[in-house]
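The primary structure of each chain is shown beneath.
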Amino acid sequence: MPEQNPFLEGSFAPVDQEVTAFDLPVTGTLPAELSGCYLRNGPNPMGLEDAGYRWGEGHWFLGAGMVHGVRLRDGRAEWYRNRWVRSRKVAETLGEKWPGGPVHDDADFAANTHIIRHAGRLLATVEAGPLPYQLTDELETVGPSDFRGGLPGGFAAHTKLDRRTGELHAVAYYWAWDYVQHIVVDAAGQVSRTANIPAPGGPMMHDFALTGRYVVLFDLPVTFSMDAVAAGRKLPYTWNAAHQARVGLLPRPGHGETGHVRWFDVEPCWVFHTLNAYDDGGRVAVDLVRYGGPYDVSALEGKGPLTLEHWVIDPGTGRVSQQGLDDRAQEFPRVDDRIVSQPHRYGYSAAIGEVSRDTVSLSGDFADAAFANALLKHDLAAGTAEAHEFGKDATAGEAVFAPASPGAGEDDGYVLAFIHNPDRGAADLVILAAQDFGGEPVARVHLPARIPLGFHGNWIADQ
Ligand SMILES: [Fe+2]
């Protein structure tokens, strides 16, 4: 009998109820200026029959998406809700009518990776073929969205909003394409550009980066594998040593030859996430979390280390320099969203014991760090980092920055994350003052349920 799937156990174990709770208890004082919703998406399989979650062969990335949200207003925590995203299959399993809508190439899926708001649409997003799902402010499913027919294929989990132009950028990939697709959605929510960028070999591109001039593409040696399909892998993207690792600079519209990417070879590695990127003279700087050795996404296996790095892509020399910033095992790097594509000083990330243990084989110096649960704040100008430790059993999630006001400076605000509270067996929404990162949380909102370790979210401030 195969061993139990680690992503059905412990901190990853799915919940089986949708909960609505009002007037949540709070320890500390909720900042009155935080008016909006903290939302986070993640996989929550509906049972062992959910795609990819049978005994011994499960994959964390393939559970049906469930969005968890907490509504804050006037210093109160008004509600907590968690809702599955109603794909056709999820709706049928729940005995409901599927709301219907467009589907790309039969790839309907309960988007489980991120949640964003753009041009009035709240969208749960996922990559590799399916469309995003639009939700209401109360997290009920409206249906899949192709931006009113503007999308030719699927969308992407990760997007980058340039607040100077209001443009939302995405890079979509799909196993049946020999290209990746750069997509721009304008400030009004219309798809204003799609460009197919040749990308032979079927690379997975989970994330990318954006500067004022460029879209930064990561064509790394994790590629679609027919052998993995034949072997029954549910998410058939594996390490491919024959695939040249390279980083690409695609000029944004108005900044160079449209559709022409300049590629720069790099040493083989894997990158799930970038922190941010920006133009630095003629060069491009990008901070990211790098997995140092071969990484098999289909099995979530690699040796690591996974560390925060600063890369400089220099079109003058044709080279990419790579400098370590922090050698703790960490993931989910986030910057103040208002300065995506512009120079940043601060970054936030998470060292999550359970995630490190189940996605990389850490050894040596990394073994000790593998069971920490901490949020990290990086001051990249000073070259320092602070940790807020939560303890071994208090699994932490991605940290998201919320400014104290729309015009507040970088780092003037709060850092929000779902943290498991082992004393209650349920999650807290923990709010740290970004400028007192190691200090006591300013508030803990006590939620009525456990929240499985998941992926990405956003603070959606009231307009
Ligand atoms: Fe991600």
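For the structure given in this document, a descriptive report is provided here. (Residues numbered from 1 in each chain as written. Predicted model: local features only at pLDDT ≥ 70, side-chain atom pairs only at ≥ 80, totals over all residues. Heavy atoms only, no water.)

1. Concerning the pairing of strand β7 (residues 121-125)
- The buried fraction of β7 amounts to five of the five residues, a majority that puts the element mostly inside the structure.
- Along β7, one buried face is formed by Arg121, Leu123 and Thr125 and the opposite face, lined by Leu122 and Ala124, is buried too.
- Relative to β7, strand β6 (residues 114-118) is paired through five bridges, and the arrangement is antiparallel. When the bridges of β7 are listed, Ile115 appears paired with Ala124.
- From the end of β6 to the start of β7, which pair antiparallel, there are two residues, and Ala119 there has a positive phi angle of about 50°.
- Across three bridges, β7 lies against strand β8 (residues 133-135) in antiparallel orientation. Looking at the pairing, Ala124 lines up with Tyr133 of β8. (Buried < 20%, exposed > 50% of the residue type's maximum accessible area, 1.4 Å probe, protein only. Helix = DSSP H or I, 4+ residues; strand = E, 2+ residues; numbered from the N terminus. Pairing = 2+ DSSP bridges.)

2. Structural notes on the nonpolar core
- Among the nonpolar cores identified, the biggest contains 73 residues, and Val297 and Leu375 are the most heavily contacted of them.
- Grouped together as the second largest cluster of nonpolar side chains are 25 residues, Ala77, Ala404, Ala408 and Phe418 included. (Core = buried A, V, L, I, M, F, W, Y, C linked by side-chain atoms within 4.5 Å.)

3. Remarks on the coordination of the iron ion
- At this site the iron ion is bound by His158 (NE2), His206 (NE2), His273 (NE2) and His456 (NE2), with donor distances of 2.0 to 2.2 Å.
- Coordination at the iron ion is irregular: its four donor atoms span angles of 91 to 161° at the metal.
- Read from N- to C-terminus, the donor residues coordinating the iron ion fall into the pattern H-x47-H-x66-H-x182-H. A residue pair is termed long-range when its members are at least 10 positions apart, and His158 in the loop between β9 (141-144) and β10 (159-162) and His456 in the loop between β33 (443-446) and β34 (457-461) qualify at 298 residues. When sorted by exposure, His158 lands in the same class as His456, which is buried. (Donors = N, O, S within 2.8 Å, 3.2 Å for Na, K, Ca; no water. Tetrahedral: all angles 85-135°; square planar, octahedral: opposite > 155°, others 65-115°.)

4. Details of the sheet that holds strand β11 (residues 167-172)
- On the basis of which strands lie adjacent, the open sheet formed by four strands has the order β10-β11-β12-β13 and antiparallel pairing. Every other strand in the sheet has two partners, leaving β10 and β13 (191-198) as the edge strands with one partner each. The average angle at which neighbouring strand axes cross in this sheet is 20°, direction not considered.
- Across seven bridges, strand β12 (residues 179-185) lies against β13 in antiparallel orientation. Among the inter-strand pairings, Val180 is bridged to a residue of β13, identified as Ile197. (Axes fitted to C-alpha atoms, helices over the stretch in contact; angles between N-to-C directions.)

5. Looking at the side chain of Asp219
- In this fold, Asp219 is placed in strand β15 (residues 214-219).
- A polar contact is formed between the side chain of Asp219 and the side chain of His243, at a distance of 2.6 Å.
- Only 2.8 Å separates the side chain of Asp219 from the side chain of Arg246, close enough to count as a polar contact.
- Other than its neighbours up to four places away in sequence, Asp219 contacts Pro203, Met205, His243, Gln244, Ala245, Arg246 and Trp263. (Polar contact = N/O pair within 3.5 Å; in protein donor to acceptor, adjacent residues only side chain to side chain. Contact = heavy atoms within 4.5 Å.)

6. Thoughts on a nonpolar patch on the surface
- A cluster of nonpolar side chains, Trp175, Met226 and Val229, forms an exposed patch at the surface whose accessible area comes to about 310 Å².
- The residue Trp175 is located in the loop between β11 and β12 in this model.
- Since its relative accessible area comes to 43%, Trp175 is described here as partly exposed. (Patch = residues over 30% accessible without salt bridge, like charges linked within 9 Å, V, L, I, M, F, W, Y side chains within 5 Å. Areas by Shrake-Rupley, 256 points an atom, 1.4 Å probe, with all protein chains shown as cover. Salt bridge = Lys/Arg side-chain N within 4 Å of Asp/Glu carboxyl O.)

7. Some remarks on the pattern of salt bridges
- Enumeration according to the criterion identifies 23 salt bridges in this entry.
- For the salt bridge of Glu167 with Arg252, the shortest nitrogen-to-oxygen distance reads 2.9 Å. You can see Glu167 sitting in strand β11 and its partner Arg252 sitting in the loop between β18 (246-251) and β19 (262-265), a full 85 residues away along the chain.
- Across the pair Arg246 and Asp219 runs a salt bridge, and its minimum N-O distance is 2.8 Å. Taken as a pair, Arg246 in strand β18 and Asp219 in strand β15 lie far apart in primary sequence, 27 residues in all. Considered together, Arg246 and Asp219 belong to a single accessibility category, that of buried residues.

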